Amino acid sequence: VNVAIFVPSFLYALHEYLEQTNQHHMLRSMRQIVFGGEAAHATRLKPIFTALSRPPLFVELVNGYGPAETCVLAAYHRVTQQDLDHNIVPIGVPLPNYTCYILDEHRTPVPIETLGELYI
């Protein structure tokens, strides 16, 4: 297995198990772990990012964002140490063939970093 998709709560539990049993080496074939389906917390991702970034592991963590109603990913972001240092987990940029808009209550586009509804 080179790529896996988990909900964050499973990723936290997996990391705790691997830490307790000293078995992070079991992930050595992994190249990317995508997480989504529920909100991710930077404070919980920090130790996972650290564990998966040290040799011989170089596993990329990716936040996969999409509406739960459709069960698809519409946006992604490769998690960086800088994100975690700022305690944020961005949803990232739209995947190809998707467009994301932030709209106000009148469905008028608003600038980035303005409160509104996300439309995909």
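Residues numbered from 1 in each chain as written. Predicted model: local features only at pLDDT ≥ 70, side-chain atom pairs only at ≥ 80, totals over all residues. Heavy atoms only, no water.

> Before we move on, could you go through the overall build of the protein chain and cite the residues and values that matter?
Helix and strand counts for the protein chain come out as three helices and seven strands. For the protein chain, the succession of helices and strands along the chain, N to C, is β-α-β-α-β-β-α-β-β-β. Taking the principal axes of its C-alpha atoms as reference, the protein chain extends roughly 55 × 25 × 20 Å. Going through the 120 residues of the protein chain one by one, you find that 31% of them count as buried. Surface summary for the protein chain: the accessible area is close to 7,900 Å², and the carbon and sulfur share equals 57%. (Helix = DSSP H or I, 4+ residues; strand = E, 2+ residues; numbered from the N terminus. Buried < 20%, exposed > 50% of the residue type's maximum accessible area, 1.4 Å probe, protein only. Areas by Shrake-Rupley, 256 points an atom, 1.4 Å probe, with all protein chains shown as cover.)

> Describe in detail a nonpolar patch on the surface, supporting the description with residues and values.
On the surface, a cluster of nonpolar side chains totalling about 360 Å² of accessible area is made up of V72, I91, Y98, L118 and I120. Summarising the element assignment, V72 is placed in the loop between strand 3 (60–65) and strand 4 (75–78). Among the residues examined, V72 registers a relative accessible area of 34% and is labelled partly exposed. (Patch = residues over 30% accessible without salt bridge, like charges linked within 9 Å, V, L, I, M, F, W, Y side chains within 5 Å. Salt bridge = Lys/Arg side-chain N within 4 Å of Asp/Glu carboxyl O.)

> Tell me about the nonpolar core, and name the residues and values.
Ranked by internal contacts, the top residues of the largest apolar core, which has 20 residues, are L11, I33, F35, L45, I48, L52 and L61. Elements that contribute at least two residues to this core include exactly helix 1 (8–21), strand 2 (32–35) and helix 2 (42–53). At five residues, helix 2 tops the list of elements feeding residues into this core. Beyond its immediate stretch of four places on either side in the chain, L61 contacts L11, I33, F35, I48, F49, L52, H77, R78 and V79. (Core = buried A, V, L, I, M, F, W, Y, C linked by side-chain atoms within 4.5 Å. Contact = heavy atoms within 4.5 Å.)

> Break down helix 1 for me, citing the residues and quoting the values.
For helix 1, which comprises 14 residues, the first-to-last C-alpha distance of 20 Å matches the rise-based estimate of 20 Å (1.5 Å per residue) to within 8%. For helix 1, the full list of buried residues reads P8, L11, Y12, L14, H15 and L18. Axial view of helix 1: buried residues confined to an arc of 165°, hence all on one face. Where helix 1 is buried, its residues contact strand 1 (3–6), strand 2, helix 2 and strand 3. In the stretch just after helix 1, N22 is the one whose phi turns positive, near 55°. (Expected span 1.5 Å × (residues − 1). Arc of directions from axis to C-beta.)

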